[in-house]
Amino acid sequence: MATKKNGLTKADYEALAELRYALRQFLRFSENAAADAGVTPQQHQAMLAIKGFPGRDQITIGELAERLQIRHHSAVGLADRLVADGQVQRVPDEKDRRQVHLALTKSGESVLEKLSAAHREQLHRVGPELSRLLGDLRGDGGSS
């Protein structure tokens, strides 16, 4: 196939489009799963960011904002909604009482566990196709 000035071929564009489509299908699955669990996709992402933070089960608002790539004030509002819904609790820092961490409640843990199990199952189903598409883009045909 002809290569353009940027080095991309028609096959490259097709591979990128297929990967984007596969990712969008997974995101749609995730959005629907969150709605079925009674939370918004952003609330699900926040709970996962809290539970999955390296080395700790709680994070600061600033860390949440960074993990979700949102502004600090948006993270505050998201945390407020999660606290109001009983999914998250604010925990004062033991050393610096001005600092507050966010931790999942038992209810939040339960919701996240169900969502994470469903996501892991979905990734088992779509993972091979995602790996193949990534391999096509890397030029290795899907081998890692």
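The preceding data block contains the structure.
Anyway, here's the lowdown on the structure attached to this text. Note that the structure is a prediction, hence the values are computed from the model and not measured.

### Things to note about the environment of Ala-33
Here Ala-33 is to be found in helix 1 (residues 10-36). Sequence separation of Ala-33 and Leu-134 is 101 residues, and the distance between their C-alpha atoms is 25 Å. Every residue in contact with Ala-33, bar those within four places of it in the chain, is listed here: Leu-115 and His-119.

### Some remarks on the sheet that holds strand 3 (residues 100-104)
The strands that make up a sheet pair up through hydrogen bonds in the backbone, lying either parallel or antiparallel. Read from one edge of the open sheet, 3 strands run 1-3-2, paired in antiparallel fashion. Edge positions in the sheet fall to strand 1 (58-60) and strand 2 (88-92), since each has one partner strand and no second. Each strand of the sheet is rotated relative to its neighbour by a mean of 35°, with strand direction disregarded. Strand contacts of helix 3 (residues 61-68): strand 1 and strand 3, with the helix running at about 90° to strand 1, the strand carrying the most contacts.

### Quick word on the pairing of strand 3
Of all 5 residues making up strand 3, 4 are buried, and the element is well covered by its neighbours. By the bridge criterion, 3 bridges tie strand 1 to strand 3 in an arrangement that is antiparallel. In the strand pairing of strand 3, Thr-60 is matched with His-101. In this structure, strand 2 lies alongside strand 3, joined through 5 bridges in antiparallel fashion. Looking at the pairing, Arg-90 lines up with Leu-102 of strand 3.

How each quantity is defined
Residues numbered from 1 in each chain as written. Predicted model: local features only at pLDDT ≥ 70, side-chain atom pairs only at ≥ 80, totals over all residues. Heavy atoms only, no water. Helix = DSSP H or I, 4+ residues; strand = E, 2+ residues; numbered from the N terminus. Contact = heavy atoms within 4.5 Å. Pairing = 2+ DSSP bridges. Axes fitted to C-alpha atoms, helices over the stretch in contact; angles between N-to-C directions. Buried < 20%, exposed > 50% of the residue type's maximum accessible area, 1.4 Å probe, protein only.

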